[in-house]
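Understanding the architecture of this molecule
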Amino acid sequence: MAAVRVLRRAVRLCRGRAASGARPPPVPQRIEEKRRAALLGGGQARIDAQHKRGKLTARERILLLLDPDSFDEYDMFVEHRCTDFGMDSSKNKYPGDSVVTGRGRINGRLAYVFSQDFTVFGGSLSGAHAQKICKIMDQAAMVGAPVIGLNDSGGARIQEGVESLAGYADIFLRNVLCSGVIPQISLIMGPCAGGAVYSPALTDFTFMVKDTSYLFITGPDVVKSVTNEDVTQEQLGGAKTHTAVSGVAHRAFENDIDALLNLREFFNYLPLSNRDPAPVCECHDPSDRLVPELDTIVPSESTKAYDMLDIIHSIVDEREFFEIMPTYARNIVVGFARMNGRTVGIVGNQPKVASGCLDINSSVKGARFVRFCDAFNIPLITFVDVPGFLPGTAQEYGGIIRHGAKLLFAFAEATVPKITVITRKGAVQIIFRGKEANAEEEYVDKFANPFPAAMRGFVDDIIQPSTTRTRICHDLDVLASKSQSSPWKKHANIPL
Amino acid sequence: MAYCNRFNFLFLLQWETLCSRWCLITSHKLYSTVYDPNEKTFEKLLIANRGEIACRVIKTCKKMGIKTVAIHSDVDANAVHVKMADEAVCVGPAPTSKSYLNMDAIMEVIRKTRAQAVHPGYGFLSENKEFARRLASEGVTFIGPDTHAIQAMGDKIESKLLAKNAKVNTIPGFDGVVKDADEAVRIAREIGYPVMIKASAGGGGKGMRIAWDDEETREGFRFSSQEAASSFGDDRLLIEKFIDNPRHIEIQVLADKHGNALWLNERECSIQRRNQKVVEEAPSTFLDPETRRAMGEQAVALAKAVKYSSAGTVEFLVDSSKNFYFLEMNTRLQVEHPVTECITGLDLVQEMIRVAKGYPLRHTQADIPINGWAVECRVYAEDPYKSFGLPSIGKLSQYQEPLHVPNVRVDSGIQQGSDISIYYDPMISKLITYGSNRAEALKRMEEALDNYVIRGVAHNISLLREVIIHPRFVQGDISTKFLPEVYPDGFKGHKLTDLERRQLLATAASLYVAEQLRSQRFLGTPRIPIAKSKRSSWELSVHLGDGIYPVAVSKDGSSFSVEVDGMKLNVTSEWNLASPLLSVTIDGTQRTIQRISRNASGETSIQFLGTVYKLQILTKVAAELSKYMPEKAAEDTSSILRSPMPGTVVAVSVKPGDMVSEGQEICVIEAMKMQNSMIAAKTGKVKAVHCKAGDTVGEEDLLVELE
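The rules we used
Residues numbered from 1 in each chain as written. Chains lettered and ligands numbered in written order. Predicted model: local features only at pLDDT ≥ 70, side-chain atom pairs only at ≥ 80, totals over all residues. Heavy atoms only, no water. UniProt positions renumbered as here; feature names shortened; annotations may be inferred. Helix = DSSP H or I, 4+ residues; strand = E, 2+ residues; numbered from the N terminus. Buried < 20%, exposed > 50% of the residue type's maximum accessible area, 1.4 Å probe, protein only. Contact = heavy atoms within 4.5 Å. Axes fitted to C-alpha atoms, helices over the stretch in contact; angles between N-to-C directions. Parallel < 35°, antiparallel > 145°, perpendicular 65-115°, else oblique. Left-handed = near helix turned anticlockwise from the far one by under 90°. Nonpolar A, V, L, I, M, F, W, Y, C, P; charged D, E, K, R; others polar. Phe/Tyr/Trp six-rings, centres within 6.5 Å; stacked < 30°, edge-to-face > 60°. Lys NZ or Arg CZ within 6 Å of the ring centre and 35° of its normal. Pairing = 2+ DSSP bridges.

In the nomenclature of an unreviewed UniProt entry, chain B is known as Propionyl-CoA carboxylase alpha chain, mitochondrial of Catharus ustulatus. Looking at chain B in UniProt, the text filed under Cofactor (unreviewed entry) is "biotin". Taken verbatim from the UniProt record of chain B, the Subunit (unreviewed entry) comment is "The holoenzyme is a dodecamer composed of 6 PCCA/alpha subunits and 6 PCCB/beta subunits. Interacts (via the biotin carboxylation domain) with SIRT4. Interacts with SIRT3 and SIRT5."

The name given to chain A in an unreviewed UniProt entry is Propionyl-CoA carboxylase beta chain, mitochondrial, and the organism recorded there is Catharus ustulatus. According to the UniProt record, the Pathway (unreviewed entry) comment for chain A is "Metabolic intermediate metabolism; propanoyl-CoA degradation; succinyl-CoA from propanoyl-CoA: step 1/3." The UniProt entry for chain A carries this comment under Subunit (unreviewed entry): "The holoenzyme is a dodecamer composed of 6 PCCA/alpha subunits and 6 PCCB/beta subunits."

Another point: the overall build of chain A. Within chain A, the regular secondary structure consists of 18 helices and 17 strands. A total of 496 residues make up chain A; the buried ones form 55% of that total. The long-range fraction of contacts in chain A, counting pairs at least 24 apart against all pairs at least 6 apart in sequence, stands at 70%.

All names here are of chain A. Running from N to C, helix H14 (residues 360-375) and helix H16 (residues 400-413) cross one another at 25 degrees; their axes reach a closest spacing of 8 Å. Judged on the interaxial angle alone, H16 and H14 are roughly parallel. Classified by chirality, the crossing of H16 by H14 is left-handed. On H16, the residues touching Ile-360, Ser-363, Val-364, Gly-366, Ala-367, Val-370, Arg-371 and Asp-374 of H14 are Ile-400, His-403, Gly-404, Lys-406, Leu-407, Ala-410, Phe-411 and Glu-413. When the residues that make up the contact of H14 with H16 are grouped by side-chain class, the tally is 8 nonpolar, 4 polar and 4 charged.

Counted according to the given criterion, the structure contains 29 aromatic pairs over all chains. With a centroid separation of 6.2 Å and an interplanar angle of 5 degrees, the aromatic rings of Phe205(A) and Phe207(A) are classed as stacked. Overall, the relative accessible area of 3% leaves Phe205(A) in the buried class. By relative accessible area, which is 1% here, Phe207(A) ends up buried. With centroids separated by 5.0 Å and ring planes inclined at 80 degrees, the aromatic side chains of Phe205(A) and Phe266(A) adopt a geometry described as edge-to-face. Within this pair, whereas Phe205(A) is found in strand E7 (residues 205-209), its partner Phe266(A) is found in helix H11 (residues 256-267), the two being separated by 61 residues in sequence. Directly above the aromatic system of Phe522(B) lies the positively charged group of Arg109(A), at a separation of 4.6 Å from the ring centroid. A cation over a ring is seen here: Lys322(B) above Phe286(B), with NZ or CZ 5.3 Å from the ring centre.

All names here are of chain B. Of note, the bond from Ala-282 into Pro-283 is cis; its omega dihedral lies within 30 degrees of zero at -5 degrees. By the secondary structure assignment, Pro-283 is in the loop between strand E13 (276-282) and helix H10 (289-305). In the Ramachandran plot, Asn-407 falls in the positive-phi region, its phi being about 60 degrees despite a non-glycine side chain. Along the chain, the position of Asn-407 falls in the loop between strand E20 (398-400) and strand E21 (408-412). The phi angle at Leu-609 is positive, at roughly 55 degrees, despite the residue not being glycine. Secondary-structure assignment places Leu-609 in the loop between strand E32 (603-608) and strand E33 (611-619).

Moving on, we get to the sheet that holds strand E36 (residues 659-660) of chain B. Residue and element names in this part refer to chain B. One open sheet accounts for 4 strands, arranged E34-E41-E39-E36; its pairing is antiparallel. Only two strands of the sheet have a single neighbouring strand rather than two, namely strand E34 (640-642) and E36. Summarising the sheet, E36 and strand E39 (residues 684-689) pair through 2 bridges and their orientation is antiparallel. Within E39, the residue paired with Met-659 across the bridge is Lys-685.

In structure tokens form, the structure reads like this:
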């Protein structure tokens, strides 16, 4: 079908040229012309407009995201196929259409990228646009490399109607098939509305750029006509809303450059696929470094707050912690760090916020993170200091039983190395246990006596807090060869 | 270390010639505890203090075989002095009035632990005659002078009379107790402006205010009397002639209960901010042997006049013609005592304990040497860019003392993970360096400051380092006005020379590249590397201050060749990116730098020559594109008032709807016992008040908003 279309178009093009009487320029020159046109996207005027909005162009973004000279572009010559509404006139044709796709390297490691070009039809998604994205997703899944989407699109290509919508369906399907196979990251760098939001929502991580990106199902105008609510774009779907209120986005960055450079750093934590181990970087921080402040950092009174981030920073390599969802459900802390160079996922209760209790939002936040780590061979380190689940009608009516179960499910299901450190009180320590394979350690505490749990073998050891880093690094080395299989199933039925 | 041993050994010989049966026990650098095992001493001693001075006392007690009891407030339960002591008892909650000043609780601990003696350190109860009296009544030895001397010297007016009678030079225009503001003005006029007003009972420079006219006298009277009442429960004030441009030089004295008294040379303490000492040294560059002897003899005369026993300090103001005037006598161990210990080799804490036990002094005036030179820097948790230091609080996330630098002594009572709280003095440590001469001691201080790792709180290392390398300081041309004179617009950090700027840019760029290279090294990856040939050159753009500098880095074996401003520099280091200290050699010049922070966006802060510089390093491409990034609107700071430091709100003088004029006092914040008046930055109507009297506020907390 597609082939026929292309043929038809070719015939048409030839006819057009024959009619004008001029000889077509030689092929190498035409290639060069097309290439130049592709590099210019929607033209200088639109590029300037994009810059004026404080945004970079699709190609500039790729340039910053990938290692220098590492980008290999695909489908630069693809054009949209719409003939309605005058779309087939040559001025409405842009080589490459409204998305730039290809592969490249981030710190030497392979990544597939698509970057929507707002200067071409507002970055709208045509059938060809979707096809380009699907092509790199298929390749990425086959070779086992992450897909990074840089979203900046006005939505569906209105002139194409169902073809555009079908394109979304194709992308969604691949998002789902790739889920758990290769890491998928979305960076929202402009508008992303309507059905388009569901592709980022299906990926593993959604990041946003502050002040210049929006995510919503329906915009403020429609909201006004349906529910009579007055709301701005920023309030409805800005970075602040999604990183602090809705939990849709995992982190927000100051501007395009900040976002892309952070994405490079984030990428280094991820394995390339579910068939690759968690990456190990060169590490200068000694694995046997003692952390003396841990002996005093946790207050002996069980009600007094402290900052779990202080503990995490002091234990991990070089105090580097890439926190995921730092402003949402702050009573639980999740994120990536390294131990002796190896990527680990860290989950910690945060006594500083709401006493570190578990509620609906923190359970879901924790569960999703744990499942990502488990899918991609990233060991989990859990710091426990929890008074329990948050009581109350709001929580019960909201389904804390169902949502809390997600966290239990995720931890129990996870087969990656799991190390749990109880820093003070583990009201639900039993929840965090994966029966055999996880090493549990516990801090000595004056008041909450660790002996009952230790005597029954629920915790593996009671350790001197200052030796936590040494012990975790050592345990991770031992657990690197951990192998655990679950009974055959089509998939588990996590309580959604 | 080897040098220190030699140093101690030197004194061992000296003592042995004096009295061969004494043996030398010392583990601490730069002073010698010459301990005679046959000399009976206390079995158990309680230290009624916290922090570094408590630790300092415990160290000597350990060497003397005395068991120690620490007291602490509940927030200090894990403090270093608590861990060091043989026993530790909590005496109350965090506020000092309920813990370290809580005499009932402390007396109870003394009874319970059967401590035979109490060392009060400095501050808190060290000059409290009531405490000394209560100890005496229970037969517990107070390590310090007797009640009479504390009382006589604790009262500024009485002490001056005594000094006068002992033929000690006193400040002209000295007068009596002040009852109200009018009387204050009358007295001030009599003396002649400028005058100094302070609480009669207050020690050191705390609460000292200088008035140049009637209005300032009234204001000074109001503040000082308030502070006097709140801090000392004694609202008497002192007004006296203010000596312009003076030096603050003090004489350490040591006296026993047998009528012997010695002067242990001087300490130069002129470098002060807000009348609190920052840098001290011994000896002083300013004194000639005659002046030194004259001051020493007057100090000893005063000590003898009050039958002083124990260690004490007689403070003098010295004018440019080397006229000296008695200021006050501190009847306790001084914060800056280590510099005296360094040049004399004596352990002052040990001498205090011996004297208290009733032993006569072991030395004569002729035995007291000036060996070498010692400098002390008070390292404070404070922001030196705000009036030379406003307190900062927080957790010491990383802390490493420069003890690997030779001839460095650090007296501290904190460790990594310790909290610097609003309740106590924000001093982190006393950093002391010693050398055979002043230049050597100062050079070591420079090195020690560069090698000092303090993270998590603001600190004044930058100010200290600038002071000790300032040409005026190096020449010894100093006065108590040094800081305001040298930095009339406030301290702004080190000013980079062109060469230093290039060195910093080259170092920062090299660090960036080292980091980039490392982030490409993955270990044990099963994949075939697809990277093309390794990069060996980088074009960067570095943003520092107001300038943007193109920097080209190329890798040249293990070092980097960096081109900045058309100049090529060679940068070598081990590039250990986890170490808090990084030794870098730039074209043969060794620098110890500290990378304080970095992030993915290329922003980094680097401590270079003591000052922390903020830089942003981007590739040339990213830097060119950054011009398109939107400017984020900054907050209008003139219509909001934020707390410049953590503290307690003492008073709020406005309410919403009030009109305030520029410069009008809006509220008063008390922090570390200092009252600070917060004023309006513009004229306007008060929109909202976010604090009330009694509130605890953090740094940068919003206090008041104007319309």
